[in-house]
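Each chain is listed here by its residues.
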Amino acid sequence: SALIYLGAAGSNSSSSSLSHHHHQNHHHHHHLRKVGRSRHYASDVSEERKRARNIGISAHIDSGKTTLTERILFYTGRINEIHEVRGKDGVGAKMDSMELEREKGITIQSAATYTTWKDSSINIIDTPGHVDFTIEVERALRVLDGAVLVLCSVGGVQSQSITVDRQMRRYNVPRLCFINKCDRVGADPWKVLKQVKDKLRLNCAAVQIPIGLEEKHDGVVDLVTMKAITFHGQHGNDIKVSDEIPSDLKDLANEKRKELIETVSGVDDDLAEIFLMEEEPTVEQLKEAIRRSVVSNQFAPVFMGSAYKNRGVQLLLDGVVDYLPAPHEVENIALDLNKDEEPVKTVSDPKAPLVGLAFKLEEGRFGQLTYLRIYQGTITKGMTIVNTRTGKKLKVPRLVRMHSDEMEDVKESQSGEIVALFGVDCQSGDSFTDGTINYAMTSMRVPEPVMSYAVAPKSRTDSSNFSKALSRFQREDPTFKVHQDEESAQTIISGMGELHLDIYVERMKREYKVDVEVGNPRVNYREAITQKAEFDYLHKKQSGGSGQYGRVVGYIEPIVQADEETRSTDVIFENGIVGNAIAPGYIVGVEKGFKEAANGGGLIGYPVQGLRIVLTDGASHAVDSSELAFKIAALNAFKVAFKNAGPKILEPIMKVDVTVPNEFQGTVIGNINQRKGTILDSVGENDDVCVTALLPLSKMFGYSTELRSMTQGKGEFTMEYSSHSTVDAGTQQELMTQFSK
C-alpha cells in the first residue's frame, strides 16, 4: 500500500505532481497528503479495505455532475428510479438535499453517500461545484482519496473546471476524467482531451473511444480490453460487450490504444520495459500500470459517455474501482498538538488509536449530523471520544451511514471509512481522537472574509431564529463570520463574496422563515502605514485620590517585505526597553492598548495591518500608574503616530476570470477597464475568450448581473481573493469623507 513521506509540509516535490508547472500560489499551501509507492503494511490490509473507495465527483456547473451522481446511485442499486436535477418532474436529484439547490440547480451541500459496486464499497462525497463555496470544496477534498473530474463534451474545460482542478492539485488528489454529454450536438471529446492536456496540464490519455457522437452515441470501445461496449434498454442497464470493434473505428482504436500505452509508459517503469521491448502488454499488465500511475498521481485516464442517456456510467464505476486508490494507499498527515502542530503520518490500521475529522455538519430532520472521516483506528458506538479543539469528552451516541437523506445505523467504523455521528456538538474541521493522542487533522487555512453586509431581521419576533441561523451557519462554514459592530450595534455578516452572503440570506428566509433586511455591501478595507513615525505620549490625569499616569516612547514602522505581493498582515509589538522605565506588569497594558488601537485605524476605522510597534522608553509614577493608564497612553500614542506615518487605505483586490464568447471580448474588457481593473491575460479558446484581470472588490458589486446582460447570459466569471493594495488618493479622500459623516 502506498506510504511515502514528503518531508517538510509545504515543500514542493514536483516529481510527484501531475502538473508540468507549479501554480504561483503554491508556496503557502501545506501539502498535507502525499501519494506514492512503497510496500509497507501490505500484509495486514484486508481485502475488503483494499476495495474501498472514497471519491468525489467534481465539476464545472452544468457539466452534468448531479445527473452523473444520480445515475451512479441508480446503477449501484441505491435509487429505484431516475430523476433529473433540473426538477422537470418536481423531484430533484438525490444528492442535493437542500431546498435552495433545488431552485438554483446548483449543488451546495457536500453530503457523503455510501454505496456498493461489485465487491467495492464506495463513499461519494458530493463536492459543491461552485467557486464561492470553496471552504466546503476544500474540506471535501481533504476527505477524498480520489476524484472524478466531469467535463462537458461541448463546453470542455471552463474557468471553473480549472478552479476545481487547481484545488485537487493542491490536495494531491488522484483523478479520472469523464467527458460527459457525448450525446449533445457539437460533442467533441478529442477537443476536450486536448484542453485537459493544455489547460489543466494533466498527463492524460483516453481509455475509451466513443461509438458514435451526438444522437448516434451508443457506447464506447474499451481500449484496455479492446471490446466494443454498447448500452441498451430504457436505463442503459442492458450492456452488450463484443469483440467486434465497428470497422470504421478499428484504426482509431489501435492508434488511441498505442497513445495510451505510450503515455502510461512515460510514468510507469514496468510498462515502459514491455513497451521498449515492443511487446503487447496483457490486459492485466496494462490495467496494473494504469492503476499504479493513477495512484501515484502521475496520470489521469479519460472516460467518455453520457449520464443523461445512460451511456458509459457503469464503465466509469469500474474505472473508479480499477484505478482510484484505496484509503490505505493515500498518506494523510495529522498535526500533533502536543508538539506544536508537528506533522505525523496517520496509520491506516483499525487497531491504532482513533483519529477522525468532522468535515461536514448538517442540520437534518433528525438533529445535528456530523460527518466524520476516520483516518486511523476504529470508532464504535458507545465509546468515549475527545474533541481535540476544545478538549471536551463525549460519548458516541449513535453511528449512522448516510445515503443522501436516508440513513442506516452501524456498530463501528474503521480507518478509511466515512460515518455520521448524531447529536454531537462541534464545528466542522474539528478532530476527534480516543483521548490517548492529541492530533488535529487540520490547521485549515481559512481565508479572511472580503465582504460584509449589515443584516437585521425585519420583524422583532424573528430575532431568536435569526441568531439560531447565524450561529449554525458559522459552525458549518468557517469562512462565514458574524460580529456585532460596537458603534452602530448592527449585526455584520462577512464572507467570500456577494453570492456567498446572498446564499446565507436566502437560507435564513427558506430554512428559518426569517426575512432579513440587508444593508449596503461593505468591502473589508484595511489600513497601513508607509513610513516610520515616532511617538512620545504622556497620559496624565489628576482627580482626587490616585490619578492616572503613563508615558510611552517609541516608534511604529511598516513591516517591509521584499516583494509587494506578500504584504504582511501582522501587527507586531516589541518591547525594546532596557531596564525598568515601565514596570514589566504594565507592559501588558501597553500591548493591549496598541493592539486595540490597531484594530480600528485612524482613517476609516478598519484594522491596520503590516506594522511593527516598538516601545523604546517610558515613565511610570509610583502611585498613579496602572495597567489602564498605560493602555490609554498606548491608544493615544498610536493615534498620533499613525497620522504621521503616511497612513494609507488598502482595499481587497480580487483575481477575476471571465469566460465569454469571442464577440463580447471588447465589451467585457472595456467594462473591466471602466471598473479600474488591470487585465493580466486574455486567452482565446475556440469560440470563447478567457480574460483574467485584477479588480478592486469595491468595483465588483452587481457584476454578475451586468455580465449577464452584456453577454446575453453566455458569460460567466469566478473570483478569488488576491491581495490588499493601496487605493489612490482620490478614493482615499472620498472614503474618509464618507467615514467622517
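Residues numbered from 1 in each chain as written. Predicted model: local features only at pLDDT ≥ 70, side-chain atom pairs only at ≥ 80, totals over all residues. Heavy atoms only, no water.

### Describing the sheet that holds strand E10 (residues 227–232)
To keep things clear, this is the line we draw: Any two strands with at least two DSSP-identified bridges between them are counted as paired. For the purposes of this entry, the term helix denotes a DSSP run of H or I that reaches at least four residues, the term strand denotes a run of E that reaches at least two, and both are numbered from the N terminus. In this analysis an axis means a line fitted to C-alpha atoms, helices contributing only their contacting stretch, and an angle means the value between N-to-C directions, from 0 to 180 degrees.
Taken in spatial order, the four strands line up as E8-E9-E10-E11 in an open sheet, and their pairing is antiparallel. Either end of the sheet is taken by a strand with one partner, and the two such strands are strand E8 (208–211) and strand E11 (238–242). In this sheet, adjacent strand axes meet at a mean angle of 25 degrees when their direction is disregarded. Inspection of the sheet shows E8 paired to strand E9 (residues 219–222) by four bridges, in the antiparallel sense. Each residue of the ladder has a partner; that of Pro-210, found in E9, is Val-220.

### Some details on helix H17 (residues 729–740)
What counts is decided by this rule: To estimate how far a helix should reach, multiply one less than its number of residues by 1.5 Å. Relative accessibility decides the category of a residue: with a 1.4 Å probe and only protein chains considered, values under 20% of the type maximum give buried, values over 50% give exposed, and everything between is partly exposed. This arc describes the spread of directions from the helix axis toward the C-beta atoms. Residue contacts are counted whenever heavy atoms from the two residues lie within 4.5 Å of one another.
An ideal rise of 1.5 Å per residue puts 16 Å on twelve residues; H17 measures up with 16 Å between its terminal C-alpha atoms. Of all the positions in H17, only Thr-731, Gln-732 and Leu-735 are classed as buried. Along the axis of H17, the buried residues cluster in a sector spanning 100 degrees; they form a single face. Of the exposed residues in H17, those oriented more than 90 degrees away from the buried face are Ala-729, Gln-733, Glu-734 and Ser-740. As for H17, its buried residues are in contact with strand E36 (648–661).

### Some thoughts on the nonpolar core
Condition: Residues belong to a common nonpolar core when they are buried Ala, Val, Leu, Ile, Met, Phe, Trp, Tyr or Cys residues joined through side-chain atoms within 4.5 Å.
Core analysis: the largest hydrophobic core is formed by 68 residues, its most contacted members being Phe-535, Val-552, Ile-556, Phe-594, Leu-615, Phe-638 and Val-668. If you tally residues by element for this core, the top one is helix H14 (residues 627–643), at eight residues. Aside from chain neighbours lying at most four places away, what touches Leu-615 is Phe-535, Val-552, Val-553, Gly-554, Phe-573, Glu-574, Asn-575, Gly-576, Ile-577, Ile-582, Ile-587 and Val-590. Counting 47 residues, the second largest nonpolar core, distinct from the first, contains Ala-140, Leu-151, Val-196 and Tyr-375.

### Some points on the packing of aromatic side chains
Each aromatic ring pair is specified by the distance between its two centres and by the angle formed by the two planes. The cut-off we apply is this: In summary, the pairing rule links any two rings of Phe, Tyr or Trp, Trp by its six-membered ring, whose centres are within 6.5 Å, and it sorts them by plane angle into stacked for under 30 degrees, edge-to-face for over 60 and tilted for everything else.
A complete count under the given rule lists eleven aromatic pairs for this structure. Between the aromatic rings of Phe-480 and Tyr-504, the centroid separation amounts to 4.4 Å while the plane-to-plane angle is 40 degrees, which identifies the pairing as tilted. Of this pair, Phe-480 sits in the loop between helix H11 (463–476) and strand E27 (481–484) while Tyr-504 sits in helix H12 (residues 498–512), placing them 24 residues apart in sequence. Judged by centre distance (5.2 Å) and plane angle (50 degrees), the rings of Phe-535 and Phe-594 are tilted. Within this pair, whereas Phe-535 is found in strand E32 (residues 533–541), its partner Phe-594 is found in helix H13 (residues 584–599), the two being separated by 59 residues in sequence. Look at Phe-594 and you get buried, because its relative accessible area is 0%.

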